[in-house]
Amino acid sequence: MGMMQVGDVLDLWAKWSFGYSGGQVNVIGRLMDGIEPQPLRISAIPYGVDKEGVFCAIDAAICALPPMQRQVILLEYVQRGTQEQKARRCSPKICVRTYRSQLKRAEVQIGRLPCVQKLLDNVAV
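Residues numbered from 1 in each chain as written. Predicted model: local features only at pLDDT ≥ 70, side-chain atom pairs only at ≥ 80, totals over all residues. Heavy atoms only, no water.

J.: Quick rundown of the overall build of the chain? Include the residues and the values.
T.: The secondary structure content of the chain amounts to seven helices and zero strands. For the chain, the succession of helices and strands along the chain, N to C, is α-α-α-α-α-α-α. The contacts of the chain with a sequence gap of at least 6 include a subset with a gap of at least 24, amounting to 64%. Of the roughly 7,100 Å² of accessible surface on the chain, a fraction of 53% belongs to carbon and sulfur atoms. (Helix = DSSP H or I, 4+ residues; strand = E, 2+ residues; numbered from the N terminus. Contact = heavy atoms within 4.5 Å. Areas by Shrake-Rupley, 256 points an atom, 1.4 Å probe, with all protein chains shown as cover.)

J.: Could you give an account of the pattern of salt bridges, with specific residues and numbers?
T.: Side-chain pairs of opposite charge can arise whenever the charged atoms involved come near each other. The final tally for this structure, using the stated rule, is two salt bridges. Measuring nitrogen to oxygen at the nearest pair gives 3.9 Å for the salt bridge that ties Lys 86 to Glu 76. Linking Lys 86 in helix 5 (residues 83–89) with Glu 76 in helix 4 (residues 67–78), this pair joins segments that are ten residues apart in sequence. Accessibility classification places Lys 86 together with Glu 76 in one group, the buried group. Here Glu 84 ties to Arg 100 by a salt bridge, and the two come within 3.4 Å at their closest N and O atoms. Taken together, the residues Glu 84 in helix 5 and Arg 100 in helix 6 (residues 96–111) connect sequence positions 16 residues apart. Assessed through its relative accessible area of 41%, Arg 100 is described here as partly exposed. (Salt bridge = Lys/Arg side-chain N within 4 Å of Asp/Glu carboxyl O. Buried < 20%, exposed > 50% of the residue type's maximum accessible area, 1.4 Å probe, protein only.)

J.: Could you give an account of the nonpolar core, with specific residues and numbers?
T.: Grouped together as the largest cluster of nonpolar side chains are 34 residues, with contacts concentrated most on Leu 10, Trp 13, Ile 58, Ile 73 and Ile 110. Put simply, the parts of the chain that give this core at least two residues each are helix 1 (6–19), helix 3 (51–64), helix 4, helix 6 and helix 7 (114–122). Setting aside its immediate chain neighbours within four residues, Ile 110 contacts Val 6, Leu 10, Ile 58, Ala 61, Ile 62, Leu 65 and Val 116. (Core = buried A, V, L, I, M, F, W, Y, C linked by side-chain atoms within 4.5 Å.)

J.: Which residues make up unusual backbone geometry, and what values do they have?
T.: For the bond from Ser 91 to Pro 92, the omega torsion is 0 degrees, close enough to zero to count as cis. Along the chain, Pro 92 falls in the loop between helix 5 and helix 6.

J.: So what about helix 4? Which residues, and what values?
T.: Here helix 4 is twelve residues long and its end C-alpha atoms lie 16 Å apart, about the 16 Å a rise of 1.5 Å per residue gives. Most of helix 4 is tucked away: nine of the twelve residues are buried. Listed in full, the buried residues belonging to helix 4 are Met 68, Gln 69, Val 72, Ile 73, Leu 74, Leu 75, Glu 76, Tyr 77 and Val 78. (Expected span 1.5 Å × (residues − 1).)

J.: Outline the side chain of Gln 102, listing residues and values.
T.: Secondary-structure assignment places Gln 102 in helix 6. Once residues lying within four places of it in the same chain are set aside, the contact partners of Gln 102 are Met 68, Gln 69 and Val 72.

J.: Just give me the short version of the packing of helix 4 against helix 6, but keep the residues and values in it.
T.: For the pair helix 4 and helix 6, the least separation of the axes is 9 Å and the interaxial angle reads 95 degrees. With respect to each other, helix 4 and helix 6 are oriented roughly perpendicular. Contacts between helix 4 and helix 6 involve Met 68, Gln 69, Val 72, Ile 73, Leu 75, Glu 76 and Tyr 77 from the former and Tyr 99, Gln 102, Leu 103, Arg 105, Ala 106 and Glu 107 from the latter. Split by residue class, the contact of helix 4 with helix 6 holds eight nonpolar, two polar and three charged. (Axes fitted to C-alpha atoms, helices over the stretch in contact; angles between N-to-C directions. Parallel < 35°, antiparallel > 145°, perpendicular 65-115°, else oblique. Nonpolar A, V, L, I, M, F, W, Y, C, P; charged D, E, K, R; others polar.)

J.: Give a description of the environment of Ala 60 that names residues and reports values.
T.: In this structure, Ala 60 sits in helix 3. Residue classification places Ala 60 among the partly exposed residues on the basis of a relative accessible area of 47%. Placed 50 residues apart in sequence, Ala 60 and Ile 110 show a C-alpha to C-alpha distance of 9.9 Å.

As far as function goes, none of this settles anything; it's purely spatial.
Have a look at this one:
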């Protein structure tokens, strides 16, 4: 068993955010094109954890990111395709190296949230 990573938490956030309550979508969802709803499966977060609170905190943190980092997070965790394809979808278009750099910076910021840090410290997958 490995430890949960920031990317795992963001995968769960995307499922919650864009597949939440049978199609209801949060503010970020209304801003995105090409959303592909997924079934809500957030059982990796242990019983007793305020999942709603964690995912709302992640939403707020993503909204507060610089525009390029916000765009890259949404492309990475919501849309399908390779990172090369996603880099070309950015506006303005960026190279894949820049895409990965912006993604890493954004993931570091999300990973600093206390609620996310608590999950990373305590949840084995």
